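Spelled out, the chains give:
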Amino acid sequence: MKIEEYGKPEGSSILCVPGVFMSGDFFSRLAEQMPEYHFVCVTLDGFHPGCEEFTGLEPQVEKLVGLLVQRNLTRFELAIGLSMGTIFAVKLAKREELSIKKLFLDGAVSFYESKHPKALKAAMYLIFSYFRKTAKDEQKSMKSLQKIYTEDWAKKSHLCRKSLSKPSLKVIVRLLAEYRLEPGVTQPMYLLFGAKEDNITINSRTVKELYPSAKITVQPGYNHLGYLDHEPEHYAEMIRRVLADKS
């Protein structure tokens, strides 16, 4: 696990947790757009060269909280979670060791119970295994990634794909297939989905059942996490509005 910091060390802090096949430096262009803030960006185990195995949600949360406390990084104006990182943001929001004022959750994970959990798990495992396999051929991997991401994100994601082991992959797939959005978060919650993402309706309904005051935005024209990748300057404007929101 790694923690990288960007921006103004004495500025208000924003905690950033990325998703699968992502690292903390996926937030670097967002940090460039908000230089007066202090960005604390996490790379979870499993996604960087020489990393330890991803052994589960709870061990990763405990390890991350320990690292943050050790580095005296405990007060945050906002926690941003991308994809699988949304799960971590929800967990971290409830930790007494940390002070997190607001949550911003970007990208649909299955917050609800699937009607076909075994099929979901099998499908994710096959897809993620294919990503690991193609990462052995950098040219093939980059060609595939550039269909989804800008070149900057594609290069970074390729390195993360190369780093993930099969044991870590199995644990991550099980986490994503079995996770259910949990109650207990008291902070204001904001969610963003790309309009091309699957399951927006059921995810939104699940969120509203637990958190009626949560604010959900659907960004037209984008798929999973595409808005941050392709429009970091506009994404930064959106984050500023979230930070300034008093309602």
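Shown above is the structure to which this text applies.
Bear in mind the structure is a predicted one, so any value in this text is a computation, not a measurement. As a convention, each chain's residues are numbered from 1 in the sequence order in which they are written. Local features in a predicted model are, by the rule used here, given only for residues with pLDDT of at least 70; side-chain atom pairs are given and counted only at 80 or more, and totals for whole chains, interfaces and linings are based on all residues. Only hydrogens and water are removed before side-chain values are computed, so all heavy atoms of the structure are retained for them.

> Whenever I open this one, the packing of aromatic side chains confuses me. Can you help?
The description of an aromatic ring pair rests on the distance of the ring centres and on the angle between the ring planes. Aromatic contacts are taken between Phe, Tyr and Trp rings whose centres are within 6.5 Å, Trp giving its six-membered ring; a plane angle under 30 degrees counts as stacked, one over 60 as edge-to-face, and the others as tilted. Counted according to the given criterion, the structure contains eleven aromatic pairs. With 5.5 Å between their ring centres and 90 degrees between their planes, Phe21 and Phe128 make a pair best called edge-to-face. Here the residue Phe21 occupies a position in the loop between strand S2 (13–17) and helix H1 (28–33), and Phe128 occupies one in helix H4 (residues 117–134), the gap between them amounting to 107 residues. Through a chain of ring-to-ring contacts, the aromatic side chains of Phe21, Phe47, Phe128, Tyr130 and Phe131 assemble into a single cluster. A cation over a ring is seen here: Arg161 above Phe21, with NZ or CZ 5.8 Å from the ring centre. Note that Arg161 overlies the ring of Phe131, its terminal NZ or CZ placed 3.8 Å from the centroid. A run of H or I in DSSP becomes a helix once it reaches four residues, and a run of E becomes a strand once it reaches two; helices and strands are each numbered from the N terminus. A ring has a charge above it when a Lys NZ or an Arg CZ is no more than 6 Å from the ring centre and no more than 35 degrees off the ring normal.

> Help me understand the sheet that holds strand S1 (residues 2–7), please; the structure alone is not making it clear to me.
Across a sheet, paired strands are connected by hydrogen bonds in the backbone, their directions being either parallel or antiparallel. Two strands pair if DSSP finds at least two bridges between them. Here seven strands make up an open sheet; going across it, the order is S1-S3-S2-S5-S7-S8-S9 and the pairing mixed. Because the sheet does not close on itself, it has two edges, and the strands there are S1 and strand S9 (215–219). For this sheet the average axis-to-axis angle between neighbouring strands, irrespective of direction, equals 20 degrees. In terms of strand pairing, strand S7 (residues 103–106) meets strand S8 (residues 189–194) through four bridges, oriented parallel. In the strand pairing of S8, Asp106 is matched with Leu192. Of the strands in this sheet, S2, strand S5 (78–82), S7 and S8 are in contact with helix H10 (residues 232–244), which crosses S5 at around 140 degrees. Every angle, taken between N-to-C directions, lies between 0 and 180 degrees, and every axis is a line fitted to C-alpha atoms, over only the stretch in contact when it is a helix. In what follows, residue pairs with any heavy atoms lying within 4.5 Å of each other are defined as contacts.

> Is there a simple way to think about the side chain of Ser165 in this case?
Assignment of secondary structure puts Ser165 in the loop between helix H6 (151–163) and helix H7 (166–178). Any pair of nitrogen or oxygen atoms within 3.5 Å is treated as a polar contact; in protein, a donor-acceptor pairing is required on top of that, and neighbouring residues in sequence qualify only through side-chain atoms on both sides. In terms of polar contacts, Ser165 uses its side chain to reach the side chain of Glu53, at 2.4 Å. With sequence-adjacent residues up to four places away left out, Ser165 is seen in contact with Glu53 and Arg132.

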